[in-house]
Amino acid sequence: MSPAPPAAAVPRITRRSIRTPLDGPVVRDEHRDLALDPRDVRFDWSRLPMHWVPDEPMATHTMNVLHLLLPEGERWFVRTFQEALPLITDERLREDVIGFIGQESVHAEAHQGVLDLLPAKGLDPAPFLRQVEWLFHRVLGARDDLAGAAGREHLIERVAIIAAIEHFTAFLGDWVLNAPGLDRAEADPTMLDLLRWHGAEEVEHRSVAYDLLVHVDPSYSRRMRTMAVTGPVLIWLWVRGVRFLMFADPEAAGRGRPTWRAYVQASRRGLLPGLTGVARSAARYVKPRYHPTQEGSTSQAVAYLACSPAARSAAR
Ligand SMILES: [Fe+2]
Ligand SMILES: [Fe+2]
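Residues numbered from 1 in each chain as written. Chains lettered and ligands numbered in written order. Predicted model: local features only at pLDDT ≥ 70, side-chain atom pairs only at ≥ 80, totals over all residues. Heavy atoms only, no water.

Draft legend 1. Expanded view of helix H7 (residues 208–216). Those residues of H7 that sit buried are Val 208, Ala 209, Tyr 210, Leu 212, Leu 213 and Val 216. Elements in contact with the buried residues of H7: helix H1 (57–84), helix H2 (91–115), helix H4 (148–177) and helix H8 (220–248). (Buried < 20%, exposed > 50% of the residue type's maximum accessible area, 1.4 Å probe, protein only. Helix = DSSP H or I, 4+ residues; strand = E, 2+ residues; numbered from the N terminus. Contact = heavy atoms within 4.5 Å.)

Draft legend 2. Up close: empty space enclosed by the protein. Within this structure, the stated rule accounts for 1 cavity of 30 Å³ or more. For the largest cavity, the calculated volume is near 70 Å³. Around the largest cavity, the lining residues are Leu 48, Pro 49, Met 50, Trp 52, Asn 64, His 67, Val 114, Leu 117, Leu 118, Lys 121 and Met 191. Grouping the constituent residues of the lining of the largest cavity by class yields 8 nonpolar, 2 polar and 1 charged. (1 Å grid on protein atoms, 1.4 Å probe; cavity = no way out; pocket = protein on both sides within 12 Å on 5 of 7 lines; lining within 4 Å. Points joined across faces, edges and corners; volume = space filled by probe spheres on them. Nonpolar A, V, L, I, M, F, W, Y, C, P; charged D, E, K, R; others polar.)

Draft legend 3. Looking closely at the coordination of the iron ion (ligand 2). The protein atoms that coordinate the iron ion (ligand 2) are Glu 104 (OE), Glu 166 (OE), Glu 166 (OE), Glu 202 (OE), Glu 202 (OE) and His 205 (NE2), at distances spanning 2.0 to 2.6 Å. In this structure, the iron ion (ligand 2) is coordinated by 6 donor atoms arranged in irregular fashion, with angles at the metal of 54 to 147°. All donors to the iron ion (ligand 2) come from one chain, and their sequence spacing reads E-x61-E-x35-E-x2-H. Here the iron ion (ligand 2) and the iron ion (ligand 1) are spaced 3.7 Å apart, and both take Glu 104 as a donor. Assigned by exposure class, Glu 202 and His 205 land together as buried. (Donors = N, O, S within 2.8 Å, 3.2 Å for Na, K, Ca; no water. Tetrahedral: all angles 85-135°; square planar, octahedral: opposite > 155°, others 65-115°.)

Honestly, that's just the spatial picture; any functional story needs more than this.
Written as structure tokens, this is what we have:
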């Protein structure tokens, strides 16, 4: 599989910025005419080794946390956005939300395919998955006991949480499209394609959750409040997930506990996103004139999707 083409090497779709309104977000208008279509991808995992970044169990399992969180997490996105459809009065936004729902549905099933492999490799993910299911169904699920304004408020709060999470999925998508360290480390090509196909679609639809949030509640305070909770909870979940996988992986026995120092060393080798980049990305979300189109490159995402083995075979 070819590494992701660099942003500068692919043709720009359009690359102008507009400011709407004068004191509003700087919106990069590079994918105004982009239609968000799900791609019915398939992956053959028959040759996937446990440590798909060779001899790098911690880097492998740090990224494997995606397979623990995303199947349930992205199904929750889908349920929440389906619930939000009646609130949308803008036809273009409605089309984007429907495209988002389609893409996230496929993402969830693609990561489920990896999750389903783990028990046969001797790693039982069930204890962690029970907690993930509790989070996305019991804590963050729809509530039948709330009606009227209270039900609407609960829905908008969940949309705001998804907008915060989508800021990080776009960051990760942009990172993995520009991570030659994974190619140098000879990471498994099928897993790299899954991560880059998913990352490219995250970059493609990075505005949708934010635009939906602004459509139903443009207030700055809700965006800040939900990020202030979502960011730390995501980090906490991720740390727990890496510890769980390293402990449950029979092939990682004796390889040591995951530490922040080991993470930083792996990020310097280009195997994981740097912590400074993560912190800077979170800080950009706080800017009053933030808009997701300021992150990543739609052109690069579209170019990767044009050469992704899974996306190409889905298109045939
Ligand atoms: Fe996704
Ligand atoms: Fe997404």
